Each structure stands twice: as C-alpha cells, then as structure tokens.
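Chains, contacts and geometry: an overview
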Amino acid sequence: MSISLKLPLESLKLNVDLTGFEFPEAPRLQSGILGQPRAQSALEFGVAMPNPGYNIFVMGESGLGRISMVTSHLNALAQSLPAPPSYAYVDNFDNPREPVAVELPAEFGQVFSKDIEKFLDDLWATFPAAFESPTYQQKKSAIERQFSQCYNNAIDLVDKKAQEYTIALFRESESITFAPVRDKKSINEEQFTQLPQSEREAFHSHVEELEEYLSDVLLELPQWRRTMVEKIKQLDNDTISLAIDPLFAELNDKYQNIDDVITYLAEIKKNLDSTITNYLMPTRTLEPRETNAKRLTLTEQYAPNILVDNKQEYGAPVIFEPHPIYQNLFGRIEYVSDQGALVTNYRKICAGSLHKANGGYLILDAEKLLTYPFVWEGLKRALQSGRIEIESPYSELGINTITLKPEVIPLNVKVILIGSRDIYYLLEEMDSEFNEMFRILADFDNYIPRTDDSMQGFAMLMQKQAADSGANPLTRTAIEGLIEHSCRLAENQHHFSAHIKDSLDIIAEANLFCRQAKQSEIDRPHIELALEAREHRNGRLSQAILEEMLDGTILIDTEGEAVGKINGLTVLEIGGSSFGAPARITTTVYPGSRGIVDIEREAELGQAIHSKGVMILTGYLGHSYAQQFPLAVSASIAIEQSYGYIDGDSASLAELCCLISALTRTPIKQAFAVTGSINQYGEVQAVGGVNEKIEGYFRLCQARGLNGQHAAIIPAANKRNLMLKQEVIDAVAKGLFAVYAVASVDETLELLTGQPAGKPNDEGLYPENCINFRAISRLKEISDMASDDDKEEGI
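As a starting point, this report considers the structure included with it. Since this is a predicted model, take the numbers as computed values, not measurements.

**Things to note about empty space enclosed by the protein**
By the definition in use, this model includes one cavity of 30 Å³ or more. Considering only enclosed or pocket space, the largest cavity measures out at about 70 Å³ in volume. Forming the walls of the largest cavity are Ser 542, Ile 545, Leu 546, Met 549, Phe 579, Gly 580, Ala 581, Pro 582, Gly 696, Arg 699 and Leu 700. Taken together, the elements giving at least two residues each to the lining of the largest cavity come down to helix H21 (540-550), strand S22 (577-590) and helix H25 (690-704). Considered class by class, the residues forming the lining of the largest cavity number seven nonpolar, three polar and one charged.

Quick look at the structure:
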C-alpha cells in the first residue's frame, strides 16, 4: 500500500512548457481583464447602463491589479465616447457671492478664455482713446458751453442791476463779490470806510438786494448742472456703445449657439459702462504700476475661470483620485490675505475630481473614501441630487468665513469604487442607501484558471509590463518560471494567482540581477535568484526556529519510533511572509470519563477551528470503536512548545493518529510528518499551506541528513496543490525523501506504524492484532473499568 500512496515526481510540481506560444517583440494586451470574465462582464454592464444608481463596486483583495485593470479597460472604452462639455465660472455682477456657471462645448474652455482676454486687450486699446477723439471732445464742449451760457446769462442780469446801483460785480472762479463804484472806479476797503455812514448803509442794503436777486436767478443752477452731467453721461455711454459694439459683434457671432456665453456677454455689456467710467476715462498720465493694477482689475472682473476644459480627442474622462479628501473630490475655494482679512472671488474656485470626471468615470479607493470625514455623505448627496455643489464641509461645525456660493453644476458621472470584500459587506449592512447607488458588483477572483489562453494573456501582460517599466525583455523560460511561481502562490497546479502585482515585483527584482550580470534578457535563473533573495530576506525567523530544532531547544525527532508522539506540520504567518515548520504533538490516555482534553483550548491558546478539529476526534472514536459499549476515556492532546495562538484543523489527522498510538501503545515512526484534516468518518480532508509544510520539514531532515526514510504525509485532495521547490524534488528523485497522499485515517496509521489497520468483516469485527482491534479492546477495557467504579460507588 505504501508504494501506491507514494507520489511520483511529476505530481510534486507543475512544469510549465510554453513551447509553441507566440511571443511578439511588441506585445499588445488582449482586450478585457485577464482571467476575470465575471468581473469584466459586470463592469461592462454597469458602464453601459445609463440609468442612475448603476454605479459599480469592484470587489477583491489588494494586489490583484484592480485599479490598473479597471483604468485600462475604461480608457479603451472612453475613447469611443463623446467628450463632455467644459465648464467655467464667471462673476455675478448682481451678487458677487454667487458666481455663475457657464457651460461650453468640449475644447471651448481655453478658446473662450483667450477670446475674453483678447476682448479685454481690445478694450484697453479702445479706452480712453475713444474719449480723446475730436468728435467726442466737440460734443462735450458744446454741452459744457450750453451750461456756461445759462450761467453767464444769469450773472449778466445781476450785473445790470448792480450797475443801476453804481455797484461793480466781480467773478472769481465760482465766487461772486460786490464793490461800490465812485468815478467809474471801484473803491477799496479803506476808501469805503471814508464814505459817509448813509452811503455805506445804502451800499449794504443794495448788496443784500443783489444777493437775493442772484439767488433767484441762479435757482435753477443745480438743474442746469444735472442736465449737463446727464448729457455728458449719455454722451459717454453713446461713445462707449459705439466703441464696444464691434468688439461684441465678433464674440456674439462666434458664440451665437452657446446660450450661457451669450447671456454672459450681455451682462458684461451692461456692466461695462460703469467699469469704463471708473477705470478707463482720460486722466493724468498713469505710472506703469497703476496701469498694471487697472489691467488686473479688468481681468479679475471679466476673465472666466475655466474649471474644466475637456479635449475632444480624449473622449470621456477617466479619473482616478488617489487622495479623496473632501476638497480634492468636490473642489475648493481658495483665499488670499488682504490687509489681514481673507478674501476670495470667483477666480479662486478650483475644480475637484467630480468636475474633472463629469460626463465620464471616477475611480475611487473605498477604504480611503471612508477614512476622510464628510466625503462619503457628500458623495451620496451629489449622486442622489445629480449636481456638484462646492461648499465648505466644516460650516456645520461652526467653522466658517465669508465665502462664495458658486452655482451648482449638473453631475453625470459613473463612480467605480474599488475595495475589499469586508468593506463591501460593511457598507451593505450599515448604509441602507448603498445598494441603491451601487447596484453593480464586479467581483474579482483570487485565482485564474490555467488555460492556454490565460497563459498567453499572462505572458503578454508580463512582457508589456517589463517593457513599460524599462526592464530587460523576458525570455520564454523566465515567463514559465513566473507562471510556476504564480501557481505556487495560488497553491494549485490548475490555477495561477490573480495577484499580478507580485509577479511584476519579481520582474523588477530579477531585472536587477540581470543587469548586474550584464545580460540583455531576463532568464529563468534571474527569476529564481529573485525568489531566493526574497526568501532569504524574509527568512530570519524560520532559520532561527530551524537552529533551535537542530540544537535540541525545540524537541523534534526525525528518527526512531515513539508511542503517543508524532510530528505535525504547521504554517507560521508573520507579516507578509509565511513558512512551514514541524511541531511535536503528544497524547496521553488514561482511565476515566473526562473525554479528550485539548490542552491548547484549556490554556486559551486554541482558536475555534482548532478546537472543532479536536472535538471531531471524539466523534470518530465513537463511530469507529464504541458501537458495542459506551465511550468512556480520558485523554489529553497538546502541541508541544507552542506559545502562541493556534488555529485551523490541519493537525486533526496527526492528533488522531497520535491518540490511537497512545491508546493502543503502538509506536509511530518519527521519520514521518503529517498534515491533514479529518471528518467523523475518518476521511482525510484538504488543508492549506501544504507546500510550505513539506518544505519546512524537508529543511530539518536535510540539515540532520536525509536517510531515505524521511517522508511527509498529506491529504490526497491536496495533490493538485503541490508546487514544491526543486531541491525537494531532487531529493525525492534520489530516493532520499518521499511524499505520501492518503485518503483515510487507516491508510495513515499503516504508513506511520508499519502495521495493518484492519478492515471490519460483515459483522463489524476487526481481525485480531490489527490496530483497530487493539483500539476497540483498549477502549472496552477502559469502559469496563469505568462501569466497575460506578457499581462500587452505587454499593
């Protein structure tokens, strides 16, 4: 039987042969996502669905290349879609706190901005030159003369009346004074004091009368002045209108089909009258600094703030936001300090990822999205309302400042969240709105079936990634090595791992060895060197444990026989690395009815699955050996020199064989190491980490010296998981080591003891001297002892 259970060399590892496969010099990736037909189908369906709520959650472990694969797939799809409109913010002249959004066709954003800049340059060139033209000056002078004439006529009337009183009227600028006249000459103050009192009083009386008369005739002076100002203002407006109409005519003609632009141009035209009057009227010669300040004022008042300008040739945008804080996602409003106060305007509005992805696809990391405050609720709000609103997320907390409230922009985006299974199920459970907004689940598999097509796709992907990263080209044997390593990661000869990133890291590491060797191509030895170097870097702890086994600190026998002792195989996982190591399992059996005691569980070191495996032993003993009498036994099982938490049921086969050895006093060969799970009927079930377990035991045996007796026993169901290292396969080929695959407890017992386990006859009885017969006899003996004790207690 042992010969039939021993695995042949070809079963220990898959040897990939890519002979006949095509390896083009310039590899092109196949369409679709490598080895993920289910996820690709879901992604295509979600992208094609135009209805709201059909956003996509891409689920899978990190390292599967989800982001790069989804981005690449969407980029190829987006090329065929029309580019979405561009958006700009402009000033709201009626309410500057609420800037207005302007929708533009794709690629028109910068065009519109440059047109407005040109318009402002033309405006600067037109004014104040338009006010210095002879026509304007003549019309303005005529208006001013008309005012002066009315004023002069009024003063002439007063002057005539003053002459009647022999009083002279003097005009100095805007002031009017009176003086007495003697001998057709006005007299000064000194001469006036020498006049008789009666003449002085008469003069004062006449002056009062003249001043009243002056007030009467100049009663309409303010009206004349207002009329003049209105006429000059009207002249200015007519001059402005005449000068800017040609500038607007060109813009209106170019943008006649874009309603938002036409509306904005009309608002500019209305607002320009006051702006030109305030900033572009003829004044004294300006210094260059003042000129620049005025030009900047015009720009900040009228130039649009181009938020997003989509390019037609790029199609729909595909945006991945690696840092989805609130401001990066929804946009932000920046501030500048002006004399200690924070101020802002519409030109300080900055776009977020939602603006950039509007009309296309936005890819987000779900874990990061949930990490930052306000972001998840804000995203849901935007998707539900179908609009992007730029606001301060902290205003609800009372942290606020004077800010803007920009007009909302319509939102039409397909959001692709990428996250783990834990996050997906957490959102599904905790957020009732989650399934309404993310109705499509694209589930990435951890493993890819190993077919000719998938291997061809894997090879081309590796070649392209090597070329894109600047690494040397890969040979056929190097790719074979990568596929074999990927199958080892997947622990399956028929699948390779979907963790593409690991293979890409190996290419980068192998490329270093390739260049150090001054070779032009990455070959299989470079791949193996990279894997060996990685194992060496992470191998400090495994080497320390091996040395403790060799010097006897950890007790593990690899020769001889012993009762109640067996070598189990374990896997230790620390950080991102894992390695196998044997562990001694011991069992003691004694009369009593306490049952099987799991020492690890009693010490609170055994986790739930390990405890379940130990409980199954009782079920197996009862089913196989205690059909004719009650099962009454006391036994204890321990994994010796184990000081950490233990989980998993992969030791249950070894524990059962060790228990039967102690029960029947049958020695077990210590050259064997065992791993496997069992059910209550004695069938051996598959376990994980089988390669690391075998190699961990092999390293110990190799260090002590292989003698041809050393072997590992694994479940037959694990044969497809074998991807052993070449050093193990070489030892097996030389007959120095062996791997056995068992399907039942009886097969395992026969290998471990060299004695027959025994098969029951039609009456359910086992042959004498077989292991199972001795187990039943020993259990019946212990049961009878327990019955006798019960009777004595009854007496």
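**Description of the environment of Ala 741**
Looking at the element boundaries, Ala 741 is found in strand S30 (residues 738-742). With relative accessibility at 8%, the residue Ala 741 sits in the buried group. Taking the C-alpha atoms as reference, Ala 741 lies 6.7 Å from Leu 7; in sequence the two are 734 residues apart. Once residues within four sequence positions are removed from consideration, Ala 741 is found in contact with Leu 5, Leu 7, Ile 714, Pro 715, Ala 716 and Lys 719.

**Remarks on the pairing of strand S4 (residues 167-172)**
Two elements, S4 and strand S5 (residues 175-182), share six bridges in a ladder whose sense is antiparallel. Its bridge partner lying in S5, Glu 172 is registered against Ser 175. Counted between consecutive antiparallel strands, the loop separating S4 from S5 contains two residues, among which Ser 173 sits at a positive phi close to 55°.

**Observations concerning the pairing of S30**
Among the five residues that make up S30, five are buried, leaving the element largely enclosed by the rest of the structure. The side-chain alternation of S30 yields two buried faces, one formed by Ala 738, Tyr 740 and Val 742 and the other by Val 739 and Ala 741. Direction of pairing for strand S29 (residues 711-715) relative to S30: parallel, over a ladder of five bridges. Paired with Pro 715 across the two strands is Val 742, which belongs to S30. For the segment spanning S29, helix H26 (residues 726-733) and S30, crossover handedness is right-handed.

**Brief notes about the sheet that holds S4**
In space, the three strands of this open sheet follow the order S4-S5-S6, with antiparallel pairing throughout. Bordering the open sheet on either side are S4 and strand S6 (185-186), each of which pairs with just one other strand. Each of S4 and S5 is contacted by helix H5 (residues 134-164), which is oriented at about 155° to S4, the strand it contacts most. Running at roughly 145° to S5, helix H7 (residues 197-217) makes contact with S4 and S5 of the sheet.

**Observations regarding the nonpolar core**
By size, the foremost hydrophobic cluster in this structure holds 52 residues, and its most contacted members are Ile 416, Leu 474 and Ile 483. It is helix H17 (residues 452-468) that provides the largest number of residues to this core, a total of six residues. Other than its neighbours up to four places away in sequence, Leu 474 contacts Met 462, Gln 463, Ala 466, Ile 479, Leu 482, Ile 507 and Ile 522. By size, the runner-up hydrophobic cluster in this structure holds 47 residues, among which are Leu 621, Ala 635, Ile 668 and Ile 771.

**Describing the packing of aromatic side chains**
Under the definition given, this model contains 20 aromatic pairs. Between the aromatic rings of Tyr 424 and Phe 434, the centroid separation amounts to 5.5 Å while the plane-to-plane angle is 70°, which identifies the pairing as edge-to-face. Of the two residues, Tyr 424 is situated in helix H15 (residues 421-430) and Phe 434 in helix H16 (residues 434-437); the sequence distance between them amounts to 10 residues. Assessed through its relative accessible area of 0%, Phe 434 is described here as buried. Ring geometry for Phe 434 versus Phe 438: centroids 5.6 Å apart, planes at 20°, classification stacked. Judged by its relative accessible area of 2%, Phe 438 falls in the buried class.

Parameters and conventions
- Residues numbered from 1 in each chain as written.
- Predicted model: local features only at pLDDT ≥ 70, side-chain atom pairs only at ≥ 80, totals over all residues.
- Heavy atoms only, no water.
- 1 Å grid on protein atoms, 1.4 Å probe; cavity = no way out; pocket = protein on both sides within 12 Å on 5 of 7 lines; lining within 4 Å.
- Points joined across faces, edges and corners; volume = space filled by probe spheres on them.
- Helix = DSSP H or I, 4+ residues; strand = E, 2+ residues; numbered from the N terminus.
- Nonpolar A, V, L, I, M, F, W, Y, C, P; charged D, E, K, R; others polar.
- Buried < 20%, exposed > 50% of the residue type's maximum accessible area, 1.4 Å probe, protein only.
- Contact = heavy atoms within 4.5 Å.
- Pairing = 2+ DSSP bridges.
- Right-handed = clockwise from strand over helix to strand, strands pointing away.
- Axes fitted to C-alpha atoms, helices over the stretch in contact; angles between N-to-C directions.
- Core = buried A, V, L, I, M, F, W, Y, C linked by side-chain atoms within 4.5 Å.
- Phe/Tyr/Trp six-rings, centres within 6.5 Å; stacked < 30°, edge-to-face > 60°.

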